[in-house]
Amino acid sequence: MTRVAEHDLAHRFATRSVHAGYVGDPLSGAVMAPIYQTSTYIQEGLGRHKGYEYARTRNPTREALERNVAALEGGLHGFAFGSGLAALDAVMKLLSAGDHVVSGENVYGGSHRQMTHIWARLGLTFTFVDGGDTAAVAAAVTPNTRIVYAETPTNPMMRLCDLKATGEIARKAKALFVVDNTFATPYFQQPLQFGADIVLHSTTKYLNGHSDMVGGMLVTTRDDLAERLGFIQNSSGAVPGPFDCWLALRGTKTLALRMRQHDANGRRVAEWLEQHPRVQRIYYPGLRSHPQHELASRQMKGFGGMISIELGDTAFARRFVERTRIFALAESLGGVESLIGHPASMTHASVPPEMRRRMGLTDSLVRLSVGIEDVEDLIGDLDQALADD
Ligand SMILES: *Cc1c(COP(=O)(O)O)cnc(C)c1O
């Protein structure tokens, strides 16, 4: 079980990003964590080894990443997985058949699919509610509730969940409060400070930030949960390879720099879109017009680069996403490059149409992941793509 060292938590965010979790390679003094591309380790004799026996259980490159991300979230234990959904899979394995989960309804489409198509079949029960409606979350809790699961801001509607209030509901119910912090990243929001027991990430997105690997992470401060999650990580075995861990670790070193630029660009693009005549509605928590802007300012330090817009016309939305030249039409988000997507047919196609309608995810909704390019070029690109012929 990897544990963050005291000195890793002594420093501020950008310093942690660069340094936390790694003190130099004991063999060579390598400044950067080496890629330990090995499946096993030589033992000096029976029962005599350096603590590393087999790479599903422990790998030094993976441990460097686990300590780094754990320190960024202000946690003590990190667990890396082969994807964000593999991390969710490990969380759900803390439960047993008959246990109940209250989840935000507007969670990542793949998370919803795993819960309803895999875990529900294996005996867990779920109630999906608007995670932004604290009263609805409280009302959904039953004596069997073991997890309250939240994503904030949500994808793609950018709805917020009140972390403090929801954490209190979970605590009263003696349920675990699990927060998917993929969108905000620890640079802007640290759910453990608001009472979360476990923070989940798709490292594929902002933490890696370069769209060149797929991975997931869990972070906790609780030793008892770390014990159980470590057991599940090793027993189920959905671990990432050392090279992907190394890529994610290279990404987190620049997280502070990148998030500042995503945020600056995101705000400029959001303000520009808000006044555009073809944009009917815009969803970005950094805008004063966002219905939860006050809550956003309370629990987030910045708002990042994710923006959704309602164009009110499906044909026009399809034309728009196919006409951008810098914004690439692609799933995923959080990389240095700008991406554009059509959630109803791409990332959220697995969410039942009725549920999509209920949360406002229409066929004319477009989602932007604003990258770190020159913002004037990004606005120029959106301008030409939104123009009438
Ligand atoms: C992408 C994503 C996931 C799933 O992560 P993968 O790495 O694709 O498995 C979970 N939650 C959110 C918010 C995401 O954006």
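Residues numbered from 1 in each chain as written. Predicted model: local features only at pLDDT ≥ 70, side-chain atom pairs only at ≥ 80, totals over all residues. Heavy atoms only, no water.

Caption draft 1: Here's a closer look at the site of the ligand. The environment of the ligand is made up of 14 residues, and the closest members are G84, D180, S202, T204 and K205. L85 places a polar main-chain atom, nitrogen or oxygen, 2.9 Å from an oxygen atom of the ligand. T204 is positioned with one of its side-chain polar atoms (N or O) 2.8 Å from an oxygen atom of the ligand. Look at the ligand: alone it shows 380 Å² of surface, and the protein chains cover 92% of it. Classifying every residue of the shell around the ligand by side-chain character gives five nonpolar, six polar and three charged. (Near = heavy atom within 4 Å. Polar contact = N/O pair within 3.5 Å; in protein donor to acceptor, adjacent residues only side chain to side chain. Areas by Shrake-Rupley, 256 points an atom, 1.4 Å probe, with all protein chains shown as cover. Nonpolar A, V, L, I, M, F, W, Y, C, P; charged D, E, K, R; others polar.)

Caption draft 2: Geometry of the layout of surface pockets. Counted as a void, the largest pocket has a volume near 580 Å³. What lines the largest pocket is a set of 23 residues, among which D25, P26, Y36, Y52 and P60 lie closest to the centre. Secondary-structure elements contributing two or more residues to the lining of the largest pocket are α1 (6–9) and α3 (60–72). With four residues, the single largest contributor to the lining of the largest pocket is α3. Residues that form the lining of the largest pocket fall into these classes: 12 nonpolar, five polar and six charged. (1 Å grid on protein atoms, 1.4 Å probe; cavity = no way out; pocket = protein on both sides within 12 Å on 5 of 7 lines; lining within 4 Å. Points joined across faces, edges and corners; volume = space filled by probe spheres on them. Helix = DSSP H or I, 4+ residues; strand = E, 2+ residues; numbered from the N terminus.)

Caption draft 3: The environment of D244, seen in detail. With respect to the helices and strands, D244 occurs in helix α10 (residues 242–252). The class of D244 is partly exposed, set by a relative accessible area of 26%. D244 sits 209 residues away from I35 along the chain, and the two C-alpha atoms are 9.2 Å apart. Apart from the residues within four sequence positions on either side, D244 is in contact with M213 and V214. (Buried < 20%, exposed > 50% of the residue type's maximum accessible area, 1.4 Å probe, protein only. Contact = heavy atoms within 4.5 Å.)

These results come straight from atomic positions and should not be treated as a statement about function.
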